[in-house]
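Reading the structure
These are the residues of each chain, in order.
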Amino acid sequence: MRVASIHTYPLKGCRRTDRDAARVEPWGLDGDRRWLIVDEQGIGLTQRQHRELVTVRAVSRPGGLTLDAPGLAPLDLAEPTSGEEIQVRVFRGRPPAPVRAAGREADVWLRRLLGRTARLVWLGDPTGNRVPWPVPTGSGAELSFADGSPLLLANTASLDAFNGWLLESGSAEGPLPMERFRPNLVVSGAAPWAEGEWVGRRIRIGGAVLHGVGECGRCLVATIDQETGERGREPLWMLAARRKVGQKLLFGLQMTVRAEPGEAGTVSVGDTVQVLD
């Protein structure tokens, strides 16, 4: 099994960045979801509320971020290390996290994009944001602005199996690309749905050791075309028919980061994937 692709999302809810390699930090891949758009109450805004975010390219660089979207001039921002300190929540029911506000220029840019008041914030210190459930012994509990775990892994064979179901059903929406599921790490060479067997196990990927903590329950974001913003009914309808466990529609594996002595903490495309226990 090997790493087929690596992806980060510098601004939560916006377009992905394809990577050849990434450093694995306790809270996820470097540069992944350290920026967030929030509303007037400090609650995160994503594609759930604004499908137009699929058009926004957020390119991270050392010390800052560049935002680009159709019809707007690119905006280059420095990390607001001395910006206003506020508390925000990724979701209304989550504990607050301390962040720095990016400032008026960014907020004006977002208002033009979204047609509403919004603020851009930066998570300078992820140690103040925590995974919202118990983590395995030996795993870090720090979290970026990801939904609930530092990394999401997906399996190319599982997507192929899913698209086979769509073909058999006669659905006009298939095949779906992997980008619909917004993973961080995509692996090839595994059997379909093998990632479900990695829950509770340690997985070495390149120079990092991760822990499978649970299959990922999918939400409405997966129904949004990541190129156009158009919404369909898949993959949720087919997952409801074939991959429903309890109230969750499952695709992908949520993972935490383990602190293993001697590990380099870097993953690259082509790295081997090994289930350790």
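The shown structure was predicted, so the numbers you read here are calculated from the model rather than taken from an experiment. (Residues numbered from 1 in each chain as written. Predicted model: local features only at pLDDT ≥ 70, side-chain atom pairs only at ≥ 80, totals over all residues. Heavy atoms only, no water.)

What follows concerns the pattern of salt bridges. Throughout the structure, instances matching the rule amount to 16 salt bridges. Residues Asp 30 and Arg 19 are paired through a salt bridge, measuring 2.9 Å at the closest nitrogen-oxygen approach. Separated by 11 residues along the polypeptide, Asp 30 in the loop between strand E4 (28–29) and strand E5 (35–38) and Arg 19 in strand E2 (residues 17–19) bring together distant segments of the chain. Across the pair Glu 85 and Arg 100 runs a salt bridge, and its minimum N-O distance is 4.0 Å. Placement of Glu 85 in strand E10 (residues 85–88) and of Arg 100 in strand E11 (residues 97–101) is noted, with a sequence separation of 15 residues between them. One continuous salt-bridge network, built from bridges that share partners, spans Lys 12, Arg 48 and Asp 147. (Salt bridge = Lys/Arg side-chain N within 4 Å of Asp/Glu carboxyl O. Helix = DSSP H or I, 4+ residues; strand = E, 2+ residues; numbered from the N terminus.)

Before going further, it helps to spend a moment on helix H2 (residues 156–169). With 14 residues, H2 should reach 20 Å at 1.5 Å per residue; the first-to-last C-alpha distance of 20 Å fits that figure. Within H2, the full set of buried residues consists of Ala 157, Ser 158, Leu 159, Phe 162, Asn 163, Trp 165 and Leu 166. Looking at the residues trailing H2, positive phi occurs at Gly 170, about 80°. (Expected span 1.5 Å × (residues − 1). Buried < 20%, exposed > 50% of the residue type's maximum accessible area, 1.4 Å probe, protein only.)

With respect to the helices, strands and loops of the structure, Arg 180 is situated in the loop between H2 and strand E14 (185–188). A distance of 3.1 Å separates a polar side-chain atom of Arg 180 from the backbone oxygen of Ala 222. Residues in contact with Arg 180, not counting those within four places in the same chain, are Val 221, Ala 222, Thr 223, Ile 224, Asp 225, Gln 226, Glu 234 and Pro 235. (Polar contact = N/O pair within 3.5 Å; in protein donor to acceptor, adjacent residues only side chain to side chain. Contact = heavy atoms within 4.5 Å.)

In this section: the sheet that holds strand E7 (residues 57–61). Ordered in space as E7-E8-E9, the three strands form an open sheet in which the pairing is antiparallel. The open sheet has two edge strands, E7 and strand E9 (72–78), and neither has a second partner. Within this sheet the neighbouring strands show an average axis-to-axis angle of 15°, counted without direction. Of the strands in this sheet, strand E8 (64–69) and E9 are in contact with helix H1 (residues 104–114), which crosses E9 at around 150°. (Pairing = 2+ DSSP bridges. Axes fitted to C-alpha atoms, helices over the stretch in contact; angles between N-to-C directions.)

Most of strand E16 (residues 208–217) is tucked away: eight of the 10 residues are buried. Bridge count for strand E15 (residues 202–205) against E16 is four bridges, and the pairing is antiparallel. Of the residues in E16, the one forming a bridge with Arg 202 is His 211. Connecting E15 to the antiparallel partner E16 that follows it, the hairpin turn spans two residues, and Gly 206 within it adopts a positive phi of roughly 60°. Note that E16 and strand E18 (residues 248–257) share six bridges and pair antiparallel. Residue Gly 217 lies in a different strand from E18, and its bridge partner there is Leu 250.

The analysis is restricted to geometry; functional conclusions fall outside its scope.
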